[in-house]
Amino acid sequence: MDCNDLEPVDMIVYITEELQARYHSAKDVSSYAHIFQDFLRRWEADSALDVVKKQKIEFEKDLDWFNVNQPLTLTSLHGKLVILDFFTYCCINCMHVLPELRKLEELYPIERGLIVVGVHSPKFENEKVANNILAAAQRYGIKHPIVNDEHMSLWRCIGIKCWPTLLLLAPSGAPLLMLMGEGHGLFLEYFVGEALRFFGKRGELKNFLLPLKPLDLQPASKLCFPSKIAISDEGNFAIADAGNHRVLVVNASGVVLHKIGSGMVGLIDGDFFTSRFNSPQGVVFLENDVLIVADTENHALRKASLSTGLVETLVGTGEQGHDRIGGKIGPLQDISSPWDVAIFRTRDMDMSFHMDEQNIPEKNIVLIAMAGTHQIWGYFAEGVIWWKFRKFEPGTCVSLIGNGTEENRNNSYPQNAAFSQPSGLAMAKDFLYIADSESSSIRKASMVDGKVLPVVGGDRNPQNLFAFGDVDGKQYAAKLQHPLAVAYNHRNDKVYVADTYNHKIKIINLQSNSIETLPIKSSDGVSLEEFGEPSGLCVDSQGEFILVSDTNNHRILRVCLKSLRSETFSLNFNSINNNTVTDGPSNFAPELIKSLPLRLCKKLRLLINITLDNQIKFTAEAPQKWSLISANSTLKALQTRGDVENGKIVLNLQRVEGDLLNPPIESLKIRISLNLCDAKTCLMKSFSVVLNDEEETSPTNADNSLNEECLRVHITTNHISLT
């Protein structure tokens, strides 16, 4: 490791990149252990890294902490492998890292030697406020300790350069690795496992727990972090109840007509009681009885039919994608954090001559704010000929506007434009209005040719993503702070904006491209309404009221546009069946449990054979995945995730003795996610196989021979069973 001429932070980056290069060039999984163990031995012995190892890294005193009942110090964490996650809660890339960290915490809990600490390093002024960080931690289900480093002191001390950044510390507190950006989940799974074995054998791991204090979320109503709102032609509203992982359909009086989703996290198609979502954000009515849902953290586009009571996945594989072009049939196309949806209707632009243009049917295009790739995508259920006579095939999902670069770049050519985390959409005649949250601007895209134009906020410099504030005015002179929603009122030709981090609702004059704050009064008619990061807006069918998702206050407000007085839009659940997944069909089986004598195994070759009912089959080319989400502490898995090939999973485990301080955790949990189809629809099936230890009286496998167990899982349309 020749890095004598580098600064400490550059040394860490250098050795990290060197290790990742070796990891990515490895021919097979079995060589990972050798690569990582060799790295750790060299890291420990290399005197050139002494300047890194002697760095004094510590949290400042008197900072706000969450999820613990007392402040932590890095010194007190010595004896554990520590991951510091430098994040800011608005950042979509930071959100993408959270599932990777959650998986690590499931595989390697604190008692096995790993501690994750979130170091919140805010970009926006609003993100410095402790209560807002608390709400974000609740919203995203963060269970590990978080510190509010509002002045970014630790960030500056170390020399961090971007969000997100993960800094791994050895049990001595010395920096091991620095990983920038997202997408390091699998690398970390293998590295952390080997690092715990390495330091465990040297007796450097200590047996202690943290003073954890999980956040208790007590919303003031049955809503939890509500997000986007949509209206049907009949005047019913759909509300993305993101924190409850469901969608509600209500009438104009607030009576709940449908609860879509069980309220449990997952990606499961089926009826409204057993289907599952993961923090859905965007909703729009395709028809009065058909709802399109941006299922954000499932990285999927879902369809809910109010007439049949069924949920179907239209687009997405269930895993975050990195494709910036698209073009595959929906269930085969991976996408990234869809945040909002809108409908544009158009006829084929094929230059054909028609005697009566009005008799040519319009086709629906579902427009998607793809926050994860900073683009606008389209889903084409029917297929259409559109810009420059391009033909979009039926069922495909395609990138339409934006090249994926994170900028605030307007351009006459749609593929040369760039966005920065587009998060809100509103159709207004032939223009799509876009809340481009990370550039703190509102922009518009022509649905005639894809041209992107500025409206208000942001900066003329497309690379300046820090031009935010709270200033009413015209175009670039106006300043917003991370707006998340827009809504168009056809009655007055105005666009309303949820200026989220300024906790305000504003209105745009489209003729002058100027914006002003609406002085919305609370129900007493005197004091101004106090919003909490509003993130959803919808104008009623008469253009007289707007509904506002007052997200951090867990409520919907109804605002009269004439008097500018607000009132709570109360929801009435009395007429809706309150069934949940637990009182739905009895054959719903998300977890299949089997007992095996795990502690007696020297080696274990586990075979899982999945068979399907004659009416369903595996969707061709769609991903079929498995992953180990809870690991046995003394049975080392050679592979923690993989593909289900021809319905078969092979998991090889080997006994590892004497490298951990704690008693073995004798259980294994394997999550399986399948894409299936029948004659008419695509089906998402997700379930877990849980293997518990069953201690036997007589020892087996004493000769170190290979144990092999074969499990058979049979799946029908409505049932999953284990034999």
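Here the residue numbers are simple positions, counted from 1 along each chain's written sequence. Where totals are concerned, whole chains, interfaces and linings use all residues; where local detail is concerned, this predicted model gives features only for residues with pLDDT of at least 70, and gives and counts side-chain atom pairs only at 80 or more. Side-chain numbers come from the whole structure's heavy atoms, not from hydrogens or water.

## Observations regarding empty space enclosed by the protein
Both cavities and pockets are sets of points on a 1 Å grid over the protein atoms alone; in a cavity a 1.4 Å probe fits but cannot get out, in a pocket the set is open with protein on both sides within 12 Å along at least five of seven lines, and lining residues sit with an atom within 4 Å of a point. Grid points are joined across faces, edges and corners, and a volume is the space filled by probe spheres set on the points. Enumeration over the complete set of coordinates arrives at five cavities of 30 Å³ or more. Taken as a whole, the largest cavity encloses approximately 110 Å³ of empty space. As for the largest cavity, its lining consists of 14 residues, of which Arg-139, Ser-227, Gln-281, Ser-535 and Thr-551 are closest to the centre. Strands are runs of DSSP state E lasting at least 2 residues, helices are runs of H or I lasting at least 4, and numbering of each runs from the N terminus. Tallying contributions element by element places strand 7 (residues 226-231) first for the lining of the largest cavity, with three residues. Throughout this entry, Asp, Glu, Lys and Arg are counted as charged residues, while Ala, Val, Leu, Ile, Met, Phe, Trp, Tyr, Cys and Pro are counted as nonpolar. The remaining residues, Gly among them, count as polar. Residue composition of the lining of the largest cavity, by class: six nonpolar, five polar and three charged. Considering only enclosed or pocket space, the second largest cavity measures out at about 60 Å³ in volume. When its residues are assigned to classes, the lining of the second largest cavity shows seven nonpolar, two polar and one charged.

## Side note on the side chain of His-299
The residue His-299 is located in the loop between strand 13 (290-295) and strand 14 (300-305) in this model. Any pair of nitrogen or oxygen atoms within 3.5 Å is treated as a polar contact; in protein, a donor-acceptor pairing is required on top of that, and neighbouring residues in sequence qualify only through side-chain atoms on both sides. Engagement of the side chain of His-299 in a polar contact is seen with the backbone nitrogen of Ser-337, the distance being 3.0 Å. Contact between two residues is taken to exist if any of their heavy atoms lie within 4.5 Å; hydrogens are not considered. What His-299 contacts, discounting residues up to four positions off in sequence, is His-96, Val-315, Gly-316, Thr-317, Glu-319, Gln-320, Ile-335, Ser-336, Ser-337 and Pro-338.

## Let's talk about the sheet that holds strand 27 (residues 473-474)
Should DSSP find at least two bridges between two strands, the strands are taken to pair. Strand order in the open sheet formed by five strands is 27-31-30-29-28, and the pairing between neighbours is antiparallel. Among the strands making up the open sheet, the edge pair consists of strand 27 and strand 28 (485-489). The sheet contact formed by strand 28 and strand 29 (residues 494-499) spans five bridges and is antiparallel. Bridging from a neighbouring strand, Tyr-488 pairs with Val-495 of strand 29.

## Some thoughts on the layout of surface pockets
Put simply, the second largest pocket is a space of about 930 Å³. Lining the second largest pocket are 34 residues, with Ile-231, Val-284, Ile-343, Arg-345 and Met-427 sitting closest to its centre. At the level of elements, strand 7, strand 12 (282-287), strand 17 (338-346), strand 23 (422-428), strand 28 and strand 32 (536-539) are the ones that each hand at least two residues to the lining of the second largest pocket. Sort the elements by how many residues they give to the lining of the second largest pocket and strand 17 lands first, with six residues. Classifying every residue of the lining of the second largest pocket gives 22 nonpolar, five polar and seven charged.

## A short note on the packing of helix 2 (residues 32-45) against helix 7 (residues 185-201)
To get an axis, a line is fitted to the C-alpha atoms, and for a helix only the part in contact is used. The angle between two axes follows their N-to-C directions and goes from 0 to 180 degrees. Across the interface, helix 2 lies against helix 7 with an axial gap of 9 Å and an inter-helix angle of 55°. Judged by the inter-axis angle, helix 2 sits oblique to helix 7. Note that helix 2 runs across helix 7; the crossing there is right-handed. Where helix 2 abuts helix 7, its residues Tyr-32, Ala-33, Phe-36, Gln-37, Phe-39, Leu-40, Arg-41, Trp-43 and Glu-44 lie against Phe-187, Tyr-190, Phe-191, Glu-194, Ala-195, Arg-197, Phe-198 and Phe-199. Just so you know how the angles are binned, under 35 degrees is roughly parallel, over 145 roughly antiparallel, 65 to 115 roughly perpendicular, and the rest oblique. Two helices that cross are described as forming a left-handed crossing if the nearer one is turned anticlockwise from the farther one by less than a right angle, and a right-handed crossing if clockwise.

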